Amino acid sequence: MWRTRAAAACVICRSLAKSNYGIKRKSPLQNLHLVSRSIHHPYYPSSKFQRPPLRISIQQFSSLNRLPFRKTKLLNVKYGYQSYRNFWLARLASRLLRIRYIILGSAVGGGYTAKKTYDQWKDMMPDLDDYKWIVPDFIWELDEHIDFEKIIKALPDADDLAKLLPDFDKIGESFASLKGFFSPGSPGETAFRATDQGYDNDKQYKKSLLGELILLQQQIQQHEEEARRAAGQYNTGSYQQKRKVSDKEKIDQLQEELLRTQLKYQRMLERLEKENKELRKLVLQRDDKGIHQRKLKKSLIDMYSEVLDILSDYDASYNTQDHLPRVVVVGDQSAGKTSVLEMIAQARIFPRGSGEMMTRSPVKVTLSEGPHHVALFKDSSREFDLTKEEDLAALRNEIEIRMRNSVKEGCTVSTETISLSVKGPGLQRMVLVDLPGVISTVTSGMAPDTKETIFSISKAYMQNPNAIILCIQDGSVDAERSIVTDLVSQMDPQGKRTIFVLTKVDLAEKNVASPSRIQQIIEGKLFPMKALGYFAVVTGKGNSSESIESIKEYEEEFFQNSKLLKTSMLKAHQVTTKNLSLAVSDCFWKMVRESVEQQADAFKATRFNLETEWKNNYPRLRELDRNELFEKAKNEILDEVISLTQVTPKHWEEILQKTLWERVSTHVIENIYLPAAQTMNSGTFNTTVDIKLKQWTDKQLPNKAVEVAWETLQEEFSRFMTEPKGKEHDDIFDKLKQAVKEESIKRHKWNERAEDSLRVIQHNALEDRSISDKQQWDAAIHFMEETLQSRLKDTESVIEDMVGPDWKKRWMYWIGRTKEQNIRNETKNELEKLIKCNEEHAAYLANDEVTTVRKNLEARGITVDPCLIKDTWHQIYRRYFLKTALNHCNLCRRGFYYYQRHFVDSELECNDIVLFWRIQRMLAITANTLRQQLTNTEVRRLEKNVKEVLEDFAEDSEKKVKLLTGKRVQLAEDLKKVREIQEKLEAFIEALHQEK
């Protein structure tokens, strides 16, 4: 410090000594003050003299004038002190320096004192952090989105503003009169101290000018309220009573002035918000049209709503409950829940009824900002234009239909959530869940457990520790009749996440005898429940045809004229649904920011556990969920259907011919061959055969052939579907393949025209009797022998069952005959004797022959029923006939030569061989025709049916859950859901941080 002063003094002294405004003169430095010499010039001691410096020519600079500089020479300095006449210059310079440092020191000290005073004043300011949700964040961000310079230019002049402002002289007089109330120890001081303690967390109001205005208004209102209470307790004398009345009038006048000012500020704020809304709508429309050539990202609230939708399915599947924030709207039935939601959504979107339960299931409404006011469901692409009454009516009808469809038979309410998104300009971003209204009594037409079901649904949503409870209370009924307040106080006893809303305040003001009762409700003193904030709203006059705009105007008009505001029973920020939506939105996002990362960490841990379990149980399998497994099974099934087209024609025809003959052989033998063989000559045989073949072809054969073809197609399809694929076979698809096969077969119908074309082909084939070569002749004999031997084997088996085992089996296996078998055996022996006597016996027994056999058996002590004799004869004669026919086949092996000559001059007749050749050829032609229909038409139609069934199954989630089951599928499903939830939560958190 001293060195600085010395340097400064030295410069000035030298300047004074060397020049005076550019004029040469002598200025002895030795005559300066002693202090100056000792401090400024230590190299000029008072006891010693030094040589003067050389005279040189330098350019002098002066800060004392603006004259042009010029060169000057240093003066000769003589040894010794100078005369006293020049000492006043140094003394003047010394005093000037002293004044300068006094000023500098005063500035430094004053700055420090000002800073200390500012810090003390800052510490005394109230802190309203706990109540910052009352004013939403967008208020502080208005300067970022609104051109205030443009608004300032649009504002009225100072004279016009002066007319809008209150009479501050009157306000000063009123405060002067109230000054005596707030002296130390008075009730007024106590009231102010209590009020100041409530402002400890209000630092957020100092962020902008608008916040300061709102804070000022609230401070003045609360101070006046306390002052009015204090004035009521002050002095009881007659003179003092008059003064009290005068002060009260001044206070009322002051309150009216403040209310008018507040309303003017409110109108100005609404005008700014309206302008901001229009500007944001224009910006959103420009982005929607793609003017910036950039792809718009999903909004933050849409991302959050997707997470909640996935969690809703996840919670419903596994009976769990996530802890992500939602705004849960609860209230008594007909308390106005739906009306409050419609006011927040700015559209009449919900079904309405008079006293009837309309909300039958939870409705999740996602509100977001957009250029157009539209609504759409989660599972539908249709957009409802909320500006058109037709779309509004269709939306209400759709919601009502979905609610009724979600309610199971025998129930009144449902737990299934209907997800709805509403977008529009100026909407506050949040997710609300409208729950069925709480009831106290189950009325007729309701399920007996309706009350308990509604309570359980409400508790399930409210027990989420991060859910914001919007408690709706009807202000037009007695508060003691409320049920929901007790329920809410149980779920949130401290009121840390509850916002209380009093509806129908207009009716309450008319009907309630004591308006202070409304004040007690809003201040949270009447109900045992606690809440973050209390609001009073008006949601219309009770007319369902009212528009949102008319309700807003009515609500604003009511609160402007309401005594509740004029008498300060309600605060301005506690009224209107607009302020309510701002507060709820701000509280919602605050809760989201505080809890979403914790939920993401919880799902991350769940994902790790599930992945570890999969690696331990299925290390070599991919993590395919139910949809992916269904796609894999779908491809396998389609490949198997395609493989049907790769079956060779020979394989198709062999299977068809064999199956068709197995189906019709009994009819051919029993109804065609055996009756014809009983005739006496070949002409009658051929005539009988032709007639019966014609009847068979016209009525039964085509239908049987189509049935055989359809069954063959089913068997081949089933074989391909169920055939193991070796190591690649996955039995998890077996139930699905079986269901697809059954449903496809059920839907498939053979072409109706196929029978008509097939009938003509079969008739022509049976009409042909010409055997062209010996090979075909031998083939017909072989076919006939195989058929007859098969029938003979079956007949002998039947006879053995009738008469019991023969003597070899009885000896070897110790098996005996039953009484009935003994009777049949004796009957068989008698009938065989009858055939031996007459080898050309007819196929049927005559009545006298039956009597003869019965009497012969009775003579040996065996009583036989005539029916038993006939049944036994049928099998005995059948065996005899088949053996005779086989012997005839052997004789006809050499009969082809006679056939070519039409059996002229020959006793051998082989008409039965021709019959079997005709049938064999008909079977071959029919098999070929059916094979062509299969490969050309029916396989493709079956493939089409399979694809349709698979598409239907793909859209039916319940079907897939039923057909694709098991621990492996369930674990993969859990993994998929948890991964999807975690990824969407992380994307949402990232977007949330970017928005900050």
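Owing to the predicted nature of the structure, the values given are computational and were not obtained by experimental measurement.

**Focus: the nonpolar core**
Inference 1: Counting residues in each nonpolar core, the largest one holds 101 residues, and the members touching the most others are Tyr673, Leu713, Trp777, Ile913 and Val946.
Inference 2: By residue number, the principal contributor to this core is helix α34 (residues 911-955), which donates 17 residues.
Inference 3: Non-local contacts of Val946, meaning those with residues more than four positions away in its chain, are made with Ile637, Leu638, Val641, Phe717, Val740 and Ser744.
Inference 4: Membership of the second largest hydrophobic core comes to 67 residues, among which are Val307, Leu308, Ile399 and Val584.

**Some details on the side chain of Glu938**
Inference 1: By secondary structure assignment, the location of Glu938 is in helix α34.
Inference 2: You can call Glu938 buried: its relative accessible area is 1%.
Inference 3: Within polar-contact distance, the side chain of Glu938 engages the side chain of His748 at 2.8 Å.
Inference 4: Within the structure, the side chain of Glu938 is placed 2.7 Å from the side chain of Arg941, a separation counted as a polar contact.
Inference 5: With sequence-adjacent residues up to four places away left out, Glu938 is seen in contact with Leu713, His748, Lys749, Trp750, Asn751 and Gln933.

**So, the state of the cysteines**
Inference 1: Under the criterion given, the structure shown has 1 disulfide.
Inference 2: Each disulfide pairs two cysteine sulfurs, and for Cys892 the partner residue is Cys910, the sulfurs being separated by 2.1 Å. Given an S-S torsion of about -100°, the disulfide between Cys892 and Cys910 has left-handed geometry. Remark: Cys910 occurs in the loop between α33 (896-900) and α34 and Cys892 occurs in the loop between α32 (866-891) and α33; sequence separation between them is 18 residues.
Inference 3: Residue classification places Cys892 among the buried residues on the basis of a relative accessible area of 0%.
Inference 4: Distance from the sulfur of Cys889, which forms no disulfide, to the nearest cysteine sulfur (Cys892) is 6.7 Å.
Inference 5: The exposure class of Cys889 is buried, given its relative accessible area of 0%.

**Some words on the pattern of salt bridges**
Inference 1: Applying the stated criterion across every chain, the model contains 41 salt bridges.
Inference 2: For Lys504, the salt bridge is made with Asp474, and the minimal N-O distance between the two is 3.4 Å. Pair noted here: Lys504 is in the loop between β10 (498-503) and α17 (505-511) and Asp474 is in strand β9 (residues 468-474), with a separation of 30 residues, a long-range link.
Inference 3: Overall, the relative accessible area of 23% leaves Lys504 in the partly exposed class.
Inference 4: Where Lys737 meets Glu636, a salt bridge forms, and the shortest distance between an N and an O atom there is 3.1 Å. Here Glu636 lies in helix α22 (residues 626-644) and Lys737 lies in helix α26 (residues 734-747), a separation of 101 residues in the sequence.
Inference 5: Looking at Lys737, the relative accessible area reads 5%, which means it is buried.

**Things to note about a nonpolar patch on the surface**
Inference 1: Among the surface-exposed residues, Trp807, Trp811, Met812, Tyr813 and Ile815 lie close enough to one another that they form a single nonpolar patch of about 700 Å² accessible area.
Inference 2: Inspection of the secondary structure assignment puts Tyr813 in helix α29 (residues 807-813).

**Side note on the packing of aromatic side chains**
Inference 1: Applying the stated criterion across every chain yields a total of 15 aromatic pairs.
Inference 2: Their ring planes at 70° and their centres at 5.1 Å tell us that Phe558 and Phe559 sit as a pair that is edge-to-face.
Inference 3: Given a relative accessible area of 12%, Phe558 falls into the buried group.
Inference 4: Residue classification places Phe559 among the buried residues on the basis of a relative accessible area of 4%.
Inference 5: These aromatic residues form a ring-pair network of at least three members: Trp661, Tyr673, Phe783, Phe881 and Phe916.

**Some thoughts on the UniProt feature "coiled-coil region" (unreviewed entry) in the chain**
Inference 1: Taking the UniProt record as the reference, the feature "coiled-coil region" (unreviewed entry) is found at residues 206-289 and 932-959.
Inference 2: End-to-end, the C-alpha atoms of residues 932-959 are 36 Å apart, and along that stretch the chain is 96% helix and 0% strand.

**Overview of the pairing of strand β3 (residues 327-331)**
Inference 1: A large share of β3 lies buried, amounting to 5 of its 5 residues.
Inference 2: By the alternation rule, side chains of β3 split into Val327, Val329 and Gly331 and Val328 and Val330, which are all buried.
Inference 3: Pairing geometry for β3 and strand β8 (residues 430-434), over 3 bridges, is parallel. By the bridge assignment, Val329 is partnered in β8 with Asp434.
Inference 4: Of the pairings in the sheet, the one linking β3 to β9 comprises 5 bridges and is parallel in character. Note on β9: the bridge partner recorded for Val329 is Leu470.

The rules behind the values
- Residues numbered from 1 in each chain as written.
- Predicted model: local features only at pLDDT ≥ 70, side-chain atom pairs only at ≥ 80, totals over all residues.
- Heavy atoms only, no water.
- Core = buried A, V, L, I, M, F, W, Y, C linked by side-chain atoms within 4.5 Å.
- Buried < 20%, exposed > 50% of the residue type's maximum accessible area, 1.4 Å probe, protein only.
- Helix = DSSP H or I, 4+ residues; strand = E, 2+ residues; numbered from the N terminus.
- Contact = heavy atoms within 4.5 Å.
- Polar contact = N/O pair within 3.5 Å; in protein donor to acceptor, adjacent residues only side chain to side chain.
- Disulfide = S-S within 2.5 Å.
- Salt bridge = Lys/Arg side-chain N within 4 Å of Asp/Glu carboxyl O.
- Patch = residues over 30% accessible without salt bridge, like charges linked within 9 Å, V, L, I, M, F, W, Y side chains within 5 Å.
- Areas by Shrake-Rupley, 256 points an atom, 1.4 Å probe, with all protein chains shown as cover.
- Phe/Tyr/Trp six-rings, centres within 6.5 Å; stacked < 30°, edge-to-face > 60°.
- UniProt positions renumbered as here; feature names shortened; annotations may be inferred.
- Pairing = 2+ DSSP bridges.

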